[in-house]
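Chain residues, written in single-letter form:
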Protein chains: 2
Amino acid sequence: MRRLALNKAKQLLRPLCSSLLTTPIAASDLLSSSSPFCSSSSPSTAMSSTKTAPVSVDNINPKVVKCEYAVRGEIVILAQRLQQELQEKPGAHPFDEILYCNIGNPQSLGQQPITFFREVLALCDHPALLDKDQTHGLFSSDAIDRAWKILDVMPGRATGAYSHSQGIKGLRDLIAAGIAARDGFPANGDDIFLTDGASPAVHMMMQLLLRSEKDGILCPIPQYPLYSASIALHGGTLVPYYLNEETGWGLEISELKKQLDDARSKGVTVRALVVINPGNPTGQVLGEENQREIVEFCKAEGLVLLADEVYQENIYVEDKKFHSFKKVARSMGYGEEDVALVSFQSVSKGYYGECGKRGGYMELTGFAPEVREHIYKIASVNLCSNISGQILASLVMNPPQQGDESYESYVDERDGILSSLARRAKILEEAFNGMDGVSCNKAEGAMYLFPRLRLPRRAIEAAAAANTMPDTLYARRLLHATGIVLVPGSGFGQVPGTYHVRCTILPQEDKIPAIVSRLKDFHAAFMAEFRD
Amino acid sequence: MRRLALNKAKQLLRPLCSSLLTTPIAASDLLSSSSPFCSSSSPSTAMSSTKTAPVSVDNINPKVVKCEYAVRGEIVILAQRLQQELQEKPGAHPFDEILYCNIGNPQSLGQQPITFFREVLALCDHPALLDKDQTHGLFSSDAIDRAWKILDVMPGRATGAYSHSQGIKGLRDLIAAGIAARDGFPANGDDIFLTDGASPAVHMMMQLLLRSEKDGILCPIPQYPLYSASIALHGGTLVPYYLNEETGWGLEISELKKQLDDARSKGVTVRALVVINPGNPTGQVLGEENQREIVEFCKAEGLVLLADEVYQENIYVEDKKFHSFKKVARSMGYGEEDVALVSFQSVSKGYYGECGKRGGYMELTGFAPEVREHIYKIASVNLCSNISGQILASLVMNPPQQGDESYESYVDERDGILSSLARRAKILEEAFNGMDGVSCNKAEGAMYLFPRLRLPRRAIEAAAAANTMPDTLYARRLLHATGIVLVPGSGFGQVPGTYHVRCTILPQEDKIPAIVSRLKDFHAAFMAEFRD
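S.K.: Sorry if this is basic, but what is going on with the sheet that holds strand E9 (residues 360-365) of chain A here?
M.R.: Where strands meet in a sheet, backbone hydrogen bonds hold them as pairs that are either parallel or antiparallel. All names here are of chain A. If you walk across this open sheet you meet the seven strands as E3-E9-E8-E7-E6-E4-E5, and the pairing is mixed. Edge strands, defined here as strands with exactly one partner in the open sheet, are strand E3 (192-195) and strand E5 (237-242). Sheet twist, expressed as the mean angle between neighbouring strand axes with direction ignored, is 20°. Pairing of strand E7 (residues 304-308) with strand E8 (residues 341-346) involves four bridges; the strand directions are parallel. Each residue of the ladder has a partner; that of Leu-306, found in E8, is Val-342. Helix H10 (residues 253-265) rests against strand E4 (215-221), E5 and strand E6 (269-276) of the sheet, and its axis sits at about 150° to E5.

Structure representation (structure tokens):
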């Protein structure tokens, strides 16, 4: 039984270490330079590719083959198929609709956008509206003012032009002002790189830092699989550190140190530490003292701190507050020369949840100018991020202020969403904790619960027989029975022998009771079926 | 003298072959698997990174260091500095403004967006407008209809939600319908991958195809440097084929075959052929018979055909027409099993020029389903492209039709832009051809001229003394003297010993006479200064 669990655990972790199997090493010494373009080698391979299929799974980049992204993986593809079947043949399944609890995509589940933000976007998309009298009847006055202000910082007021590859300078300055107001420490628009959501920013940093599989990135386990996917695609090594489920997914410096030393003893050069705060998929919010220890650790060990702070507005408990790592570092007296820090932010999360707009940024501090030039160059190869996303990033960092016409409705919309999310988190957490063999930490922040499932031995055996993970078996069965889409914990990584699922807290409140009831019924039936 | 030219030529080509110096090879045999995460190796390297700076140019990914992107390179960075100086101190330079002729960014130079497209975007950004009476006074009726139609194909009408990672199915179907109408052959929405502009689509294909520096991509020289940059970043080899400047940048199959055989004899597996049609930076438009030969070549040699067709609407001569490679292949009777074909399209070019919206797509045909799944997976790691860009891509492939309220104003706007571009291309071409030692092929299409400069020996020596390329020296001097920003030909690649600059045809018509006059005066002075 222990042996079986260990084998399973290895399988569960395989997505995270896939990059090891095939990652490249720098091999300049293998190359001669007889041609300016083509490397020379044995001519015996010449013409070998002529007769094979141009593209097959056997001849594509193995890093691509090995990369995994569970948030849109097997279970979601199955869900899309079931949805198609429901449309074509209503009644084909024992549910009326698919409930996508797999991904932090609030507006797909009915959350409404913040009106002020959308007013400004519409005016910037079609600035001709600003010259027309009727516009004042349709838009709030501060949205009109803001649109003018934004257009004024855009060269030629051209919302359809490529911008500076870091983003429009005036918008970056607005974002820096928002960061400074949030943190109480100065921020500089030149440190901001606007991106199409946070994901491309993460890729950019991985591309910069990873030279070969001998370069490693410390990542939390469980982690958001963007990190494992990006490390795999860029040919590096994921160095795991485990969050402590017993202490509410606590991040322990002793564990960081242990894993760092272990990696180094194996010849891995650890380049950076990823911290997700508030946590995804765990929902934990770091305490300020803990953050200080993390900053100290990065400084002492010479690691870049990659701070995923996209859930900074999503905090649901009274006794926790979001502190940016930059604020923490500055409050410790540490400046540019002490610690290299990247903070990722996105318009997709928070109360705004504007996932489809693909806006986001990273704030880079503590990097040498010549390194920044290379980061700029990578950004410039893709020209720039989308301007609507850039505008929206400036808006979420500078929402309406007291005295603005939109202020009260903005506050109502924002607080309505956040307090509802807090209620939903609590109801779902209690529901999971009420199930046989399930324990679930509180979602202090972010948009997810990550309950642990203590599955019967026979369920684990059934999964092995079906050549799948026990939590994947659970999620697949749940989907077939209820239409609810969760992500198996194996997609995020978990302590070997433990099983989890990730569930968003995003379904609208009026749907939560039915979801809870379906989850409970399914769980009871599943446990009964596999009872030892 | 010949030797000097050769050395210069090697330098000019270096950006294109940089990937060779440092590219990785698959090295799974070097790895042991004692840990699921970290590769083992000599412990002597342990802790070695602790005391070095976390990030410096010496320890970042060498592929990033070597990658070059001239369109936003040295000259543009200098231009941004001069612009800053002009703002801070008017009169600091012998010109009033910087004229960015370096990049195909029409709206940055005053081109106005197509009204209908912007109306639809604004309505989709703020759908609450659709419920209000005043909206009918501000928007055309077909824009309102189109917005409804688009919202109806979006799950939950949620323009702020992540979409399917290929893009919203209903929009992909609309794009496929537009392609079918353009080509007269069927197209399928499932073959469309919507992306944030065409660049990420190109990266995706390079990431898929390139396993190591032993994989090559045939690229035209001169080429749009996205290709050399992307190949360098993904660790492959650029296999050049030269366009024939004498025949109006003709693409000759004999040259393709020669370079392919040469690469293969050196052990390079050539995976794909890039064709840019209409050409960037050359402006040539391929004849249909030539395209048939290219398709035949790819089929015979087992190459993926990567067709950059982003300038498909930009044709300025009566005797040339755009034919998509898919249409050409289908008209030859070739289907899915015969040739693997990717067509890239963008909302940034054409008469629309919506660069800042970052919309685009690739249409993939002839790829096995299991390969497509991996392409989908790469797309899914970034979740989806921005929804406004997706909507705009559906609009440019389905503009207003006869009978629609907007039709006439749309046609006026479109034809006004295209005919003006044709006039500007002709005036600038004639201006270049009127200069001493300059010859310039016609811009049949796209947005650029790529004149050849026959520079005096002393200018070439002066460049060598200043450790730069002769065409870079020319472009830098031009910028300092006139504020006009061109891109040196060395950024695109050119036949060794030849020198070019790329100049867009995008400045507004009323500015063209002054530009021509400044170009001519500068050129005469430059030639006089360096006369032998």
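Moving on from the coordinates now.
S.K.: Explain the side chain of Thr237(A) here, please?
M.R.: All names here are of chain A. Along the chain, Thr-237 falls in strand E5. Looking at Thr-237, the relative accessible area reads 0%, which means it is buried. Among the polar contacts made by the side chain of Thr-237, one reaches the main-chain carbonyl oxygen of Glu-213 at a distance of 2.4 Å.

S.K.: Can you help me understand the environment of Arg457(B) in this one?
M.R.: All names here are of chain B. Mapped onto the elements of the fold, Arg-457 is located in helix H17 (residues 457-465). For Arg-457, a relative accessible area of 36% corresponds to the partly exposed category. Along the sequence, Arg-457 and Ser-490 sit 33 residues apart, while their C-alpha atoms lie 17 Å from each other.

S.K.: Is there a simple way to think about the side chain of Ser343(B) in this case?
M.R.: Residue and element names in this part refer to chain B. In this fold, Ser-343 is placed in strand E8 (residues 341-346). What makes Ser-343 buried here is its relative accessible area of 4%. At 2.7 Å, the side chain of Ser-343 forms a polar contact with the side chain of Glu-309. Not counting chain neighbours up to four residues away, the residues in contact with Ser-343 comprise Ala-307, Glu-309, Tyr-361, Met-362 and Glu-363.

S.K.: What am I meant to see in the pattern of salt bridges here?
M.R.: Any two side chains of opposite charge can pair, given that their charged atoms come close. By the definition in use, this model includes 52 salt bridges over all chains. The salt bridge involving Arg81(B) is made with Glu85(B); its shortest N-O contact spans 2.8 Å. Taken together, the residues Arg81(B) and Glu85(B), both in helix H4 (residues 74-88) and four residues apart, mark about one turn of the helix. The partner of Asp261(B) in a salt bridge is Lys257(B), with the nearest N and O atoms 3.2 Å apart. Here the residue Asp261(B) and the residue Lys257(B) both occupy positions in helix H11 (residues 253-265), the gap between them amounting to four residues, near one helical turn. You can call Lys257(B) partly exposed: its relative accessible area is 30%. Overlapping salt bridges, with partners in common, bring together Lys169(A), Arg172(A), Asp173(A) and Asp190(A) in one network.

What counts and how
Residues numbered from 1 in each chain as written. Chains lettered and ligands numbered in written order. Predicted model: local features only at pLDDT ≥ 70, side-chain atom pairs only at ≥ 80, totals over all residues. Heavy atoms only, no water. Pairing = 2+ DSSP bridges. Helix = DSSP H or I, 4+ residues; strand = E, 2+ residues; numbered from the N terminus. Axes fitted to C-alpha atoms, helices over the stretch in contact; angles between N-to-C directions. Contact = heavy atoms within 4.5 Å. Buried < 20%, exposed > 50% of the residue type's maximum accessible area, 1.4 Å probe, protein only. Polar contact = N/O pair within 3.5 Å; in protein donor to acceptor, adjacent residues only side chain to side chain. Salt bridge = Lys/Arg side-chain N within 4 Å of Asp/Glu carboxyl O.

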